Amino acid sequence: MTDSLAPHVVAPYVRGRFGAPYLYEPECESTQLLLLGSGLPEGAVAVTDHQTGGRGRLGRRWEAPAGSSLLVSVLLHPPPERRLPELSLVAALAASDTVEAATGLSAQIKWPNDVMLNRRKVAGILSELSDRTVVVGIGMNVNQTRDELPADTPTEAGSLRTLTGVTYDRAVLLGSLLDKLEQRYESWRDGGLADLYGEIGARDFLRGRRITIDGEAATALQVLRDGRLEIDIGSHETRVIESGEVLFAR
Ligand code: BTN
């Protein structure tokens, strides 16, 4: 499917503050680059139908065939009292809201930044910072077929289509994502992670799972109220992790 997220297609579904201005390129290197250092106001959004150099976390690439997924970046100016690493969880919560509203299924958040549906990663978040400006990039696998998903990812990828058999209208989904991100972001901005913690905790994919974190075996205990991950490293010893690459046992 090669529909487009051009402004006139998306405008009927963008209701709030997020999405103005709306920067759209049919193809670009990375939507992150359209916003980083741009000086644009909070809520500016960059969208494309195809990235030639899509960025993932930890220096990885993020790839999807043209017109198959959501590739969106949002510019934010969080207040100084907020811890910026929490933003990835806030965006993951908004992406999981969007997936749940579209599919009617429960989505989970795999700390720190992945959205899972039926044990497959359907969305990832990349937050990049310059000064106090954060560009939050969200990649959501929507209409890819099984063959179009990357095979060599640390967490197995799925798309909404491979997991439900349904093809989705990406413009509707994008409108929903911007709406939910605005709501979740404003709750966090005004009340901190405490206001979202119940819903993040309820979607905690790793809780109780055997994991490796940066190569070390452990059991994930929980995402804490400050957004860090508590793990059990054995012999009744626990540790709190700020960031890292978590792999889970199936
Ligand atoms: C990850 O899980 O590694 C994060 C992936 C983030 C991908 C999105 S797609 C839109 C935005 N532009 C990019 O180049 N990356 C993010």
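Here, the structure is the one placed above.
### Side note on the site of the ligand
Piece 1. Lining the immediate environment of the ligand, one finds 21 residues, of which S30, Q51, R55, R57 and K121 sit closest.
Piece 2. R57 has a polar backbone atom sitting 2.7 Å from an oxygen atom of the ligand.
Piece 3. Protein coverage of the free-state accessible area of the ligand, which is 420 Å², stands at 97%.
Piece 4. Taken together, the elements giving at least two residues each to the shell around the ligand come down to helix 2 (31–35), strand 3 (69–76), strand 6 (120–130) and strand 7 (133–141).
Piece 5. The dominant element in the shell around the ligand, judged by the number of residues it contributes, is strand 6, at four residues.
Piece 6. Here the residues of the shell around the ligand are counted per class, giving six nonpolar, eleven polar and four charged.

### Describing the nonpolar core
Piece 1. Within the largest apolar cluster, 61 residues are counted, with the highest numbers of intra-cluster contacts made by L5, V72, W111, M140, L174, L206 and I211.
Piece 2. Among the elements that line this core, the one with the most residues is helix 3 (residues 86–103), at nine residues.
Piece 3. Ignoring any residue separated from it by four or fewer positions in sequence, one finds I211 in contact with L206, E216, A217, A218, T219, A220, I231, V246, L247 and F248.
Piece 4. Counting residues in hydrophobic clusters, the runner-up holds five residues, among them L35, A44, A46 and L75.

### Details of the packing of aromatic side chains
Piece 1. Under the criterion given, the structure shown has three aromatic pairs.
Piece 2. Their ring planes at 45° and their centres at 5.9 Å tell us that F18 and Y185 sit as a pair that is tilted. Taken together, the residues F18 in the loop between helix 1 (7–10) and strand 1 (22–25) and Y185 in helix 5 (residues 170–191) connect sequence positions 167 residues apart. For the residue pair F18 and Y185, the accessibility class agrees, reading buried in each case.
Piece 3. Ring plane angle 75° and centroid distance 4.9 Å describe the contact between F205 and F248, whose orientation is recorded as edge-to-face. You can see F205 sitting in the loop between helix 6 (197–202) and strand 8 (210–213) and its partner F248 sitting in strand 12 (residues 246–248), a full 43 residues away along the chain.
Piece 4. A relative accessible area of 4% means that F205 is categorised as buried.
Piece 5. On the basis of relative accessibility, which here comes to 12%, the residue F248 falls in the buried class.
Piece 6. Taken together, the ring pairs connect F18, Y185 and W188 into an aromatic cluster.
Piece 7. Across from the ring centre of F205, 3.9 Å away, lies the NZ or CZ of R209, which sits over that ring.

### Considerations on the sheet that holds strand 10 (residues 229–234)
Within a beta sheet, neighbouring strands are joined by backbone hydrogen bonds and run either parallel or antiparallel to one another.
Piece 1. Read across the sheet, five strands follow the order 11-10-9-8-12 without closing on themselves; strand pairing throughout is antiparallel. Because the sheet does not close on itself, it has two edges, and the strands there are strand 11 (237–241) and strand 12. Across the sheet, the mean angle separating the axes of adjacent strands is 45° when strand polarity is ignored.
Piece 2. Two elements, strand 8 and strand 12, share three bridges in a ladder whose sense is antiparallel. The residue bridging I211 from the neighbouring strand is F248, located in strand 12.

Rules of the game
- Residues numbered from 1 in each chain as written.
- Predicted model: local features only at pLDDT ≥ 70, side-chain atom pairs only at ≥ 80, totals over all residues.
- Heavy atoms only, no water.
- Near = heavy atom within 4 Å.
- Polar contact = N/O pair within 3.5 Å; in protein donor to acceptor, adjacent residues only side chain to side chain.
- Areas by Shrake-Rupley, 256 points an atom, 1.4 Å probe, with all protein chains shown as cover.
- Helix = DSSP H or I, 4+ residues; strand = E, 2+ residues; numbered from the N terminus.
- Nonpolar A, V, L, I, M, F, W, Y, C, P; charged D, E, K, R; others polar.
- Core = buried A, V, L, I, M, F, W, Y, C linked by side-chain atoms within 4.5 Å.
- Buried < 20%, exposed > 50% of the residue type's maximum accessible area, 1.4 Å probe, protein only.
- Contact = heavy atoms within 4.5 Å.
- Phe/Tyr/Trp six-rings, centres within 6.5 Å; stacked < 30°, edge-to-face > 60°.
- Lys NZ or Arg CZ within 6 Å of the ring centre and 35° of its normal.
- Pairing = 2+ DSSP bridges.
- Axes fitted to C-alpha atoms, helices over the stretch in contact; angles between N-to-C directions.

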